[in-house]
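The residues making up each chain are set out below.
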Amino acid sequence: MTNDHFSMNILISEDNIRERVKELVEEIISDFVYNETTIVAALKGSFVFLADIIREFHRKGSELIVEFIDVSSYSGTTVSQGNPLIREFKRPSVCGRNVLLVDDILDTGHTLSKCKTILENEHPMVLKTCVFLVKDVKRLVDITPDYFGFTIEDKFVVGYGLDYDGKFRELPYIAEIEEISTSI
Ligand code: 5GP
Ligand code: MG
């Protein structure tokens, strides 16, 4: 599959994602036996995964509060910048709450770890982490998510909310992207 300047290699299909999201939410719910779960999603990449899991939580009868943290670590590159920038939206403290921190992908570990620290400092009752993808790389920060959808090799991927310079978030699958050299 090709785009004008990129070649796409689908790694995880739409059907596989749908099945895995169902299983994953079942797994989370069997641990989250509290009245109300607060999901805090790290923007922007997690928004499609978030939209799918929250509706799955609802189908299974769970009540949620959904909040956001805005993090940016890449800007038009395919290499993690290492020092994620956090812009906090005004949101209620998670003090005393049962919290699930959700992100799109775990790479170096900086982003998840920084977001986790922010929430930990607010003293939630429970704090667990969930990422859609885990990259099979040596982390720069030692963090293991409590829940994850899929493990992938160390490749730059797009789709299902993940972008390259704002593009490709709308793809319903996860694809590896490669820039096509146009020089002759
Ligand atoms: P980390 O801080 O763990 O290095 O990177 C996590 C963040 O970098 C993720 O929240 C995501 O926004 C971005 N990221 C890491 N790997 C990829 C990738 O393969 N594709 C895209 N589009 N974003 C990625
Ligand atoms: Mg992100």
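Refer to the structure above for everything that follows.
Residues numbered from 1 in each chain as written. Chains lettered and ligands numbered in written order. Predicted model: local features only at pLDDT ≥ 70, side-chain atom pairs only at ≥ 80, totals over all residues. Heavy atoms only, no water.

Colleague: Looking at this structure, I do not really get the environment of Ala41. What am I missing?
Modeller: With respect to the element layout, Ala41 can be found in strand 2 (residues 36–43). Classification of Ala41 as buried rests on a relative accessible area of 0%. Remark: the alpha-carbon pair of Ala41 and Cys115, spanning 74 residues in sequence, is separated by 9.5 Å. Excluding its chain neighbours within four sequence positions, the residues that come into contact with Ala41 are Ser46, Leu50, Glu67, Phe68, Ile69 and Val102. (Helix = DSSP H or I, 4+ residues; strand = E, 2+ residues; numbered from the N terminus. Buried < 20%, exposed > 50% of the residue type's maximum accessible area, 1.4 Å probe, protein only. Contact = heavy atoms within 4.5 Å.)

Colleague: What's the story with the sheet that holds strand 1 (residues 6–12) in this structure? I'm lost.
Modeller: Reading across from one edge, 1-9-8 is the order of the 3 strands in this open sheet, with antiparallel pairing throughout. Here the strands that pair on one side only, and so sit at the sheet edges, are strand 1 and strand 8 (157–158). Sheet topology places strand 1 next to strand 9 (residues 174–179); 6 bridges connect them, and they run antiparallel. Bridging from a neighbouring strand, Ser7 pairs with Glu178 of strand 9. (Pairing = 2+ DSSP bridges.)

Colleague: So what exactly am I meant to see when it comes to the packing of aromatic side chains here?
Modeller: When we look at a pair of aromatic rings, we describe it by the centre distance and by the angle of the planes. Under the defined criterion, the tally for this structure stands at 7 aromatic pairs. Taking the centre distance of 5.5 Å and the plane angle of 70° together, the rings of Phe6 and Tyr164 count as edge-to-face. A residue pair is termed long-range when its members are at least 10 positions apart, and Phe6 in strand 1 and Tyr164 in the loop between strand 8 and strand 9 qualify at 158 residues. Residue class for Phe6 comes out buried when judged on its relative accessible area of 7%. According to the relative accessible area criterion, Tyr164 is buried, its value standing at 14%. Taking 5.1 Å as the distance between ring centres and 50° as the angle between the ring planes, the aromatic pair formed by Phe49 and Phe132 counts as tilted. On the criterion of sequence distance, the pair formed by Phe49 in helix 2 (residues 47–59) and Phe132 in strand 6 (residues 126–135) is long-range, its members being 83 residues apart. The residues Phe49 and Phe132 share a single accessibility class, namely buried. Among the aromatic side chains, those forming a connected cluster through ring pairs are Phe6, Phe156, Tyr164 and Phe168. (Phe/Tyr/Trp six-rings, centres within 6.5 Å; stacked < 30°, edge-to-face > 60°.)

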